[in-house]
Amino acid sequence: MQFPKMILFDYGETLVHEGTFDGIKGIEEVLKYAVKNKYNKTAREIYQVAETINEDLGRFDPKRKHLFQFEVTSVSFYSYLYESQGISLSIPYEEVETIFWNASANGVAMKGIRELLEFLKTKKIRTGVVSNISYRGETLKKHIHELIPNEEFEFFIASSDYVFRKPNKRIFELALEKACLEPNEVWYCGDQYECDIVGAKKVGLTPIWISKEKGVKTDYNGVIISAWDELRKLVLEKENAIINEGKIG
């Protein structure tokens, strides 16, 4: 484990806590833009259809989601969901994802993340985002910037834009290509063991598992932290080790 030239971050429960998800509320907001509702479907009825589709896909099943390594974009999902229910909207599905996201989730920046990012800037450590998410990368970028205005992420890799989902190695390899760095020069921080930690490890990144359950039993013997100040301490430890070795001064 060496001093990082770049640290990559997962999105949900790593950079941002999404809070309680309310899909019905999100659909209620979207239906305000309906110009046709052939069967007079309610938001609750549409949400139930969406849940059935997601079950078929295995997207959000905790036991299966790491096996789902190809992304279904929000645009294609909404296209099928609303049109299959006889609903036409006055806005494009690219706008629907923002309206739905803002109404269905009350995101807040994770405690200590703003301070950590400012600290990394002072150490000239580059940062980026790699997320399993059906929303477009541009939407993800705007959403994060609203919650963490001081961020200076070099890139935002959303699985919606690039087909592959973590833990598939291709999405991590893409990040390395964009960063123009070798795997051992990059740390990757995430909260999900299979998607983030196992996935990052496959391509040689240094995984940092941010978890509230430090005692969880796995075959992972790497770094586990429960708060962002622990990562800051780790960076300082690595920096001091290099200074002591006389490699920087």
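Every value quoted in this text rests on a predicted model; they were computed, and no experiment measured them.

Would you mind going over the layout of surface pockets in detail, with residue names and values included?
Roughly 1100 Å³ of volume is contained in the largest pocket. Contributing to the lining of the largest pocket are 37 residues, with Glu 18, Phe 21, Phe 60, Asn 132 and Ile 133 lying nearest its centre. Mapped by element, the contributors of at least two residues to the lining of the largest pocket are helix H2 (43-57), helix H3 (74-84), helix H4 (93-104) and helix H9 (193-202). Of the volumes computed, that of the second largest pocket is approximately 410 Å³. The wall of the second largest pocket is formed by 16 residues, among which Glu 13, Met 110, Ile 210, Ser 211 and Lys 212 lie closest to the centre. Those elements that provide at least two residues to the lining of the second largest pocket are strand E9 (206-210) and helix H10 (228-244). The class makeup of the residues in the lining of the second largest pocket is six nonpolar, four polar and six charged.

Give a detailed account of the sheet that holds strand E6 (residues 126-131), specifying residues and quantitative values.
If you walk across this open sheet you meet the six strands as E7-E6-E1-E8-E9-E10, and the pairing is parallel. Of all the strands in the sheet, the pair left with one neighbour each is strand E7 (156-158) and strand E10 (223-225). The sheet shows a mean angle of 20° between the axes of neighbouring strands, taken without regard to direction. As paired elements, E9 and E10 share three bridges and run parallel to each other. Note that in E10 the partner of Ile 208 across the bridge is Val 223. In the packing of helix H5 (residues 113-122) onto the sheet, the strands contacted are strand E1 (6-9) and E6, and the crossing angle to E1 comes to about 155°. Set on the sheet, H9 makes contact with strand E8 (186-190) and E9; between it and E9 the angle comes to about 160°.

Break down the environment of Asn 184 for me, citing the residues and quoting the values.
By the element assignment, Asn 184 lies in the loop between helix H8 (169-179) and E8. Residue Asn 184 is classed as partly exposed on the basis of its relative accessible area of 42%. Asn 184 sits 27 residues away from Ile 157 along the chain, and the two C-alpha atoms are 20 Å apart.

Give a detailed account of H8, specifying residues and quantitative values.
Among the residues of H8, Ile 171, Phe 172, Ala 175, Leu 176 and Ala 179 are the ones counted as buried. For H8, the buried positions fall inside an angular range of 145° around the axis, keeping them on one side. Considering only its buried residues, H8 is in contact with E1, E6, E7, helix H7 (159-162), E8 and H9. Two residues or fewer after H8 comes Cys 180, characterised by a positive phi angle close to 60°.

Requested: an account of the packing of aromatic side chains, with residues and values cited.
For any pair of aromatic rings, the description rests on two quantities: the centre-to-centre distance and the angle between the ring planes. For the coordinates displayed, the defined rule picks out 14 aromatic pairs. Between Tyr 193 and Tyr 220, the aromatic rings sit 6.2 Å apart at their centres with planes inclined by 65°, giving edge-to-face as the arrangement. Here Tyr 193 is found in helix H9, whereas its partner Tyr 220 is found in the loop between E9 and E10, with 27 residues between them in sequence. Accessibility expressed as a relative area gives 17% for Tyr 193, which makes it buried. A relative accessible area of 9% means that Tyr 220 is categorised as buried. One aromatic cluster is present, built from ring pairs that chain together Phe 21, Phe 77, Tyr 78, Tyr 82 and Phe 100. One residue, Arg 59, lies across the ring of Phe 77, its end atom 5.1 Å from the ring centre.

Go over H3 with me, naming the residues and quoting the values.
Inspection of H3 places Ser 74, Phe 77, Tyr 78, Leu 81 and Tyr 82 among the buried residues, and these make up the whole buried set. One face of H3 carries all of its buried residues, which in axial projection span an arc of 105°. In this structure, the buried side of H3 is in contact with helix H1 (23-31), H2, strand E4 (87-89) and H4. Looking one or two residues beyond H3, the residue adopting positive phi is Gly 86, at roughly 70°.

The rules behind these values
Residues numbered from 1 in each chain as written. Predicted model: local features only at pLDDT ≥ 70, side-chain atom pairs only at ≥ 80, totals over all residues. Heavy atoms only, no water. 1 Å grid on protein atoms, 1.4 Å probe; cavity = no way out; pocket = protein on both sides within 12 Å on 5 of 7 lines; lining within 4 Å. Points joined across faces, edges and corners; volume = space filled by probe spheres on them. Helix = DSSP H or I, 4+ residues; strand = E, 2+ residues; numbered from the N terminus. Nonpolar A, V, L, I, M, F, W, Y, C, P; charged D, E, K, R; others polar. Pairing = 2+ DSSP bridges. Axes fitted to C-alpha atoms, helices over the stretch in contact; angles between N-to-C directions. Contact = heavy atoms within 4.5 Å. Buried < 20%, exposed > 50% of the residue type's maximum accessible area, 1.4 Å probe, protein only. Arc of directions from axis to C-beta. Phe/Tyr/Trp six-rings, centres within 6.5 Å; stacked < 30°, edge-to-face > 60°. Lys NZ or Arg CZ within 6 Å of the ring centre and 35° of its normal.

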